Amino acid sequence: MADKFDLRRNIQCNARVSAAVYDERAHRWQIRLEDGRRARAQFVITAVGLLSAHYIPAFAGLESFQGTWCHTGRWPAEGLDLAGKRVGVIGTGATGVQLITEIAKDVGHLTVFQRTANYCAPLRNGPIDPETQRQIKASYPEIFKKCSETAGSFVHQFDPRSAMAVSPDERLEQYERLWAEPGFKKWLANFYDIMLPGPANEDYAAFVRQKIRARVKDPVVAEKLVPKDHMFGSKRLPCESGYYEVYNQDNVLLVDVREAPIERITPTGVKTRDAEYALDVLLFATGYDAVTGALNRIAIRGEGGQTLQAKFAQGPRTYMGLQSAGFPNLFTINAASVGNFVRAAEPLVDWVCDCLCYVRDHQYTRIAPTPEAEAAWTQHVAEAGAKILRTQADSWFVGANIPGKARFLLTSPDTAPVMRAKRAEVAAQGYAGFQLQ
Ligand code: NA7
């Protein structure tokens, strides 16, 4: 890719950005790298990822642990030898669920520390024969077009019928049919209202709970794995390939740390209120300081010396997730996308490119949102966000997984097509809501 588009001369590898400071007189950013190198740029576009700032809870005693430990997002490049070892995993989100399923095949003994049980959906992935691969590749334009039309930029379209508007038999038939199919269809091609708070959502949640119970032999363990404290889809749905069967293995133990919280890490393992678990390896599948975390790890200073971190202390304050007032010429792409990030990011990048061309073509040197446009957008996120499923549980969607982080929807409450239309309209109106200078 780098060679095809002749990008190498424009890329600096191993360049960890430590600070970016806005020069108000020159309308330029001064960027500092950790190794002392510096750069100047008129525009800065952050593409630092929504889920890249890994989070390890501040457990007492971690430094005393004599075994091996790591966060899943910092897996050693040389790999970890888990064969025959006593391994502990903290966290059962999308990462933990996939990790547990894979390592349970090798480890000597596995202890899973679960705080919140999740609704996990079977992926049903399998080998794709060469002919099917050829067909998929030949239809990329249609696939991408479909993705551009759906709420979350995935290929699936919701069934426009309400689950509650069809008979219970018909409803169950659809649930079962989609459950048996591969991929995300079981939630994203289902009745539209299973992804809204209300009776359809609860009906489908009950269906999924039964699916979990049916796969776990020990009914006490099964009940621990059945989510009862949040709505289906209010947290990101982990997708799995044999996760629940892991708990039927004799060498796997599920520890409910809501019942008996982790008190500390000891030199030899993990101590909860009720017991101590001896471990050779401890794996943290404890997630990420989402969206703002990676931005806050860079000292970003805008006009008047204010920091982005201070500005976002009560949650992101942006105009459509793209820019923040007082931080001109800085585009924060990661805060503006939603759903299938890869597909959603592409039109976003195109919009930013068009915007930069507009600024240059009109001989402007500075673009920033007006405080009014930013305040209106922030209010929209709070109000529209309060009605959607993603704000109903304590998850990274709203920053609730990080102690002390303000609770605020970190992505847009609108669907991807709505966001695209809003951005297009803003551009068509000469970048309405932005101040150009
Ligand atoms: P998640 O979804 O944030 O999951 C983190 C997990 O770690 C979750 O089960 C948490 O329990 C658990 N956790 C976090 N802190 C603690 C403490 N202190 N004690 C016990 N357990 C804890 O991160 P993932 O990496 O799995 O997934 C992130 C995204 O990547 C995912 O949504 C996809 O979009 C891809 P909790 O649920 O908070 O009780």
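Residues numbered from 1 in each chain as written. Predicted model: local features only at pLDDT ≥ 70, side-chain atom pairs only at ≥ 80, totals over all residues. Heavy atoms only, no water.

When helices and strands are tallied, the chain shows 13 helices and 18 strands. Taking 2.2 N^0.38 as the reference for a compact globule, 437 residues should give roughly 22 Å; the C-alpha atoms of the chain span a radius of gyration of 24 Å, in line with that estimate. Counting only C-alpha atoms and orienting by the principal axes, one finds that the chain spans roughly 70 × 60 × 45 Å. For the chain, the proportion of its 437 residues judged to be buried stands at 47%. Accessible surface, the chain as shown: approximately 21,500 Å² in total, 54% of it carbon and sulfur. Treating the 52 positive side-chain charges of the chain as one cloud and the 48 negative ones as another, the clouds have centres 4 Å apart. (Helix = DSSP H or I, 4+ residues; strand = E, 2+ residues; numbered from the N terminus. Rg over C-alpha atoms; globule rule 2.2 N^0.38 Å. Buried < 20%, exposed > 50% of the residue type's maximum accessible area, 1.4 Å probe, protein only. Areas by Shrake-Rupley, 256 points an atom, 1.4 Å probe, with all protein chains shown as cover. Lys, Arg positive; Asp, Glu negative; His and termini not counted. Charge placed at Lys NZ, Arg CZ, Asp CG, Glu CD.)

What follows is about the site of the ligand. Surveying the vicinity of the ligand reveals 20 residues, the closest of which are T95, R115, T116, K235 and W396. Contact distances for the ligand include 2.8 Å between an oxygen atom and a side-chain N or O atom of W396. Protein burial of the ligand: of its 780 Å² of free accessible surface, 86% is covered by the chains. Each residue belonging to the shell around the ligand can be placed in one class, and the counts come to nine nonpolar, seven polar and four charged. (Near = heavy atom within 4 Å. Polar contact = N/O pair within 3.5 Å; in protein donor to acceptor, adjacent residues only side chain to side chain. Nonpolar A, V, L, I, M, F, W, Y, C, P; charged D, E, K, R; others polar.)

Applying the stated criterion across every chain yields a total of 22 aromatic pairs. The interplanar angle of 85 degrees and the centroid separation of 5.7 Å between the aromatic rings of W69 and F284 together place this pair among those described as edge-to-face. A residue pair is termed long-range when its members are at least 10 positions apart, and W69 in strand β5 (residues 68-71) and F284 in strand β14 (residues 281-284) qualify at 215 residues. The partly exposed category is assigned to W69, whose relative accessible area is 37%. In this structure F284 comes out as buried when scored by relative accessible area, which is 0%. On the numbers, 5.5 Å between centres and 80 degrees between planes, the contact of F113 with Y277 is edge-to-face. Of this pair, F113 sits in strand β7 (residues 109-114) while Y277 sits in strand β13 (residues 276-278), placing them 164 residues apart in sequence. (Phe/Tyr/Trp six-rings, centres within 6.5 Å; stacked < 30°, edge-to-face > 60°.)

A few words on the sheet that holds β14. Taken together, five strands build an open sheet; the order of strands is β5-β14-β6-β7-β10 and the sheet is parallel. The open sheet has two edge strands with one neighbour each: β5 and β10 (252-256). Between one strand and the next, the sheet's axes are offset by a mean angle of 15 degrees, whatever the strand orientation. Inspection of the sheet shows β5 paired to β14 by four bridges, in the parallel sense. By the bridge assignment, C70 is partnered in β14 with L283. Docked against the sheet, helix α1 (residues 94-103) engages β6 (86-90), β7 and β14, running at close to 165 degrees with respect to β6. (Pairing = 2+ DSSP bridges. Axes fitted to C-alpha atoms, helices over the stretch in contact; angles between N-to-C directions. Contact = heavy atoms within 4.5 Å.)

Here four strands make up an open sheet; going across it, the order is β3-β2-β1-β15 and the pairing mixed. The open sheet has two edge strands, β3 (38-41) and β15 (299-301), and neither has a second partner. Each strand axis lies, on average, 15 degrees off the axis of its neighbour in the sheet, ignoring direction. Pairing of strand β1 (residues 17-23) with β15, which is carried by three bridges, proceeds in the parallel orientation. From the neighbouring strand, V21 faces β15, where its bridge partner is R301.

Attention shifts here to the pattern of salt bridges. For the coordinates displayed, the defined rule picks out 27 salt bridges. One salt bridge in this structure joins E102 and K105, with 2.9 Å as the shortest N-O distance. When the shortest N-O distance is used, the salt bridge between K311 and E374 registers 2.8 Å. Of the two residues, K311 sits in helix α10 (residues 308-311) while E374 sits in helix α12 (residues 371-385), which places them 63 residues apart along the sequence. One salt-bridge network, held together by shared partners, links D159, R161 and E170. (Salt bridge = Lys/Arg side-chain N within 4 Å of Asp/Glu carboxyl O.)

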